[in-house]
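Here's the letter readout for the chains.
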Amino acid sequence: MSDVAKYILKRLLTGVLVVLCVTIIIFGILQAMPGDPIDLMVDTRVSAEKVAELKARWGLDKPPVVQYFYWLSNICRGDFGTSISTKQEVLYLIQQRLPYTLMLTGAAMIIEYLLAIPLGLVAAVRRDGILDKFLTVVMVVLWSMPAFWLGVLLIRQFAVKNSFFPISGYSGLKSLVLPALTLALPSLAQIFRLTRSEVLDVMEEKHVETAYAKGISDKMVLVRHVLRNALIPVTVTFFLNLPWLIGGAVVVENVFGWPGMGQLLWKGISKQDFPIVQGIVFVIAVLTVICNLIGDIVSGILDPRIRME
């Protein structure tokens, strides 16, 4: 087996363990929550026998350990269970919502990198200048903004006052702009700082000094020698940041009424709908592992020294 195959297998096994740990943690948190989902579903006048029958039907009368392994075995067969509150298949609900979440996170990722990389390059070239300091301050402000507060500001300015974009829901690509900006702008600072620092580091390397000494134009040096090498860690971060955007989408989707998994997850938590919460968290954990695995593979290909770790 080659070094690359061993590296991928090692990362894949680590990812499987991470998913199992996440499912155990979220299952334990749900079990520790006060209240009972059946009590939230039925009226107080329902008899104790009927409540006991409903708990038996949903498997809530069994010990938590038995419930967990029963759910995990069903997940491995592709059965995510049935929602307690809506009586619909959880897998069907996730399939209906997942495309909207991926649409939102994908748009946010594109906005984030299209803005952060050029701004980071400009700030590095203008190091310690007015523009560099201005961009740094702006990024710190964006980084410190809570997503829900930024979302409310954007809604007030561009949906309520000026009616440029819809306030909530999905009615076409126009309704994607404000949620995507809300999700992208706070995390913009991380890619900006990474791009800036990597460009500055590469500009101090000997091969860049040699390129300048040969009389190559500044633009060609920046594109061929500086930016090309500086974007290696930025490319890896692209995949590693995607899970964080998916997690952050939970808040943004609820602010904008976006019909994605985040809104469904919030409803499941508020109603203690265990199958929905466990199913969505499992999907998010799998997406996280896949993105991290891709990031590790890309970093291992770009830098073979990483495969030796």
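Everything below is about the structure printed above this text.
Residues numbered from 1 in each chain as written. Predicted model: local features only at pLDDT ≥ 70, side-chain atom pairs only at ≥ 80, totals over all residues. Heavy atoms only, no water.

1. Some details on the layout of surface pockets
And then number 1: Volume-wise, the second largest pocket comes out at about 250 Å³.
And then number 2: Every residue lining the second largest pocket is counted, 15 residues in all, and those nearest its centre are Leu-183, Ser-187, Trp-244, Leu-245 and Gly-248.
And then number 3: Of all the elements in the fold, those that place two or more residues in the lining of the second largest pocket are helix H8 (177-203) and helix H10 (218-256).
And then number 4: It is H10 that contributes the most residues to the lining of the second largest pocket, six residues altogether.
And then number 5: Partitioned by chemical class, the residues of the lining of the second largest pocket number nine nonpolar, five polar and one charged. (1 Å grid on protein atoms, 1.4 Å probe; cavity = no way out; pocket = protein on both sides within 12 Å on 5 of 7 lines; lining within 4 Å. Points joined across faces, edges and corners; volume = space filled by probe spheres on them. Helix = DSSP H or I, 4+ residues; strand = E, 2+ residues; numbered from the N terminus. Nonpolar A, V, L, I, M, F, W, Y, C, P; charged D, E, K, R; others polar.)

2. Section: unusual backbone geometry
And then number 1: Phi is positive for Asp-128, which is not a glycine, with a value near 65°.
And then number 2: The residue Asp-128 is located in the loop between helix H5 (90-125) and helix H6 (130-144) in this model.
And then number 3: Positive phi, close to 55°, is recorded for Ser-163, a residue that is not glycine.
And then number 4: By secondary structure assignment, the location of Ser-163 is in the loop between helix H7 (147-161) and H8.

3. With respect to the packing of aromatic side chains
And then number 1: Counting across every chain of the model gives six aromatic pairs.
And then number 2: Seen in terms of ring centroids, Tyr-100 and Trp-258 are 6.3 Å apart; in terms of plane orientation they differ by 80°. Their pairing is edge-to-face. Of this pair, Tyr-100 sits in helix H5 while Trp-258 sits in the loop between H10 and helix H11 (261-270), and the two are 158 residues apart along the sequence.
And then number 3: For Tyr-100, a relative accessible area of 26% gives the class partly exposed.
And then number 4: In this structure Trp-258 comes out as buried when scored by relative accessible area, which is 0%. (Phe/Tyr/Trp six-rings, centres within 6.5 Å; stacked < 30°, edge-to-face > 60°. Buried < 20%, exposed > 50% of the residue type's maximum accessible area, 1.4 Å probe, protein only.)

4. Focus: the pattern of salt bridges
And then number 1: Evaluated as defined, the whole model comprises one salt bridge.
And then number 2: Where Arg-196 meets Asp-132, a salt bridge forms, and the shortest distance between an N and an O atom there is 2.8 Å. Here Arg-196 is found in helix H8, whereas its partner Asp-132 is found in helix H6, with 64 residues between them in sequence. Taken individually, Arg-196 and Asp-132 each receive the classification buried, so the pair is uniform in this respect. (Salt bridge = Lys/Arg side-chain N within 4 Å of Asp/Glu carboxyl O.)

5. Quick notes on a nonpolar patch on the surface
And then number 1: There is a patch of nonpolar side chains on the surface, built from Leu-9, Leu-12, Leu-13, Val-16, Leu-17 and Leu-20 and spanning about 510 Å² of accessible area.
And then number 2: Following the sequence through the fold, Leu-20 ends up in helix H1 (residues 3-32).
And then number 3: Residue Leu-20 is classed as partly exposed on the basis of its relative accessible area of 32%. (Patch = residues over 30% accessible without salt bridge, like charges linked within 9 Å, V, L, I, M, F, W, Y side chains within 5 Å. Areas by Shrake-Rupley, 256 points an atom, 1.4 Å probe, with all protein chains shown as cover.)

6. Section: H7
In an α-helix, one turn spans 3.6 residues; hence positions three or four apart end up facing the same way.
And then number 1: The terminal C-alpha atoms of H7 lie 20 Å apart, and with 15 residues this matches the ideal 21 Å at 1.5 Å per residue to within 8%.
And then number 2: Taking the largest bend as the criterion, H7 deviates by roughly 30°, centred on Ile-155.
And then number 3: The set of residues buried in H7 consists of Leu-150, Gly-151, Leu-154, Ile-155 and Ala-159.
And then number 4: Two residues or fewer past H7, Ser-163 is found with a positive phi of approximately 55°. (Expected span 1.5 Å × (residues − 1). Bend = angle between axes of the 7 residues up to and from the residue.)

7. Overview of the packing of H6 against H8
The relative placement of two packed helices comes down to the angle between their axes together with the axis-to-axis distance.
And then number 1: The geometry of H6 relative to H8 is characterised by a closest axis approach of 7 Å and an angle of 140° between their N-to-C directions. Classified by the interaxial angle, the pair formed by H6 and H8 is oblique. Relative to H8, H6 is oriented so that their crossing is left-handed. Contacts between H6 and H8 involve Asp-132, Leu-135, Thr-136, Met-139, Leu-142 and Trp-143 from the former and Leu-185, Pro-186, Ser-187, Leu-188, Ala-189, Gln-190, Phe-192 and Arg-196 from the latter.
And then number 2: By residue class, the composition of the contact of H6 with H8 is nine nonpolar, three polar and two charged. (Axes fitted to C-alpha atoms, helices over the stretch in contact; angles between N-to-C directions. Parallel < 35°, antiparallel > 145°, perpendicular 65-115°, else oblique. Left-handed = near helix turned anticlockwise from the far one by under 90°. Contact = heavy atoms within 4.5 Å.)

8. Let's talk about the packing of H5 against H11
And then number 1: The interhelical angle for the contact between H5 and H11, taken along N-to-C directions, is 135°, at an axis separation of 8 Å. Judged by the inter-axis angle, H5 sits oblique to H11. Touching Leu-93, Ile-94, Arg-97, Leu-98 and Thr-101 of H5 are Met-261, Gly-262, Gln-263, Leu-264 and Lys-267, all from H11.
And then number 2: In terms of residue class, the contact of H5 with H11 is made up of five nonpolar, three polar and two charged.

Remember that the coordinates give geometry; whether it matters functionally is a separate question.
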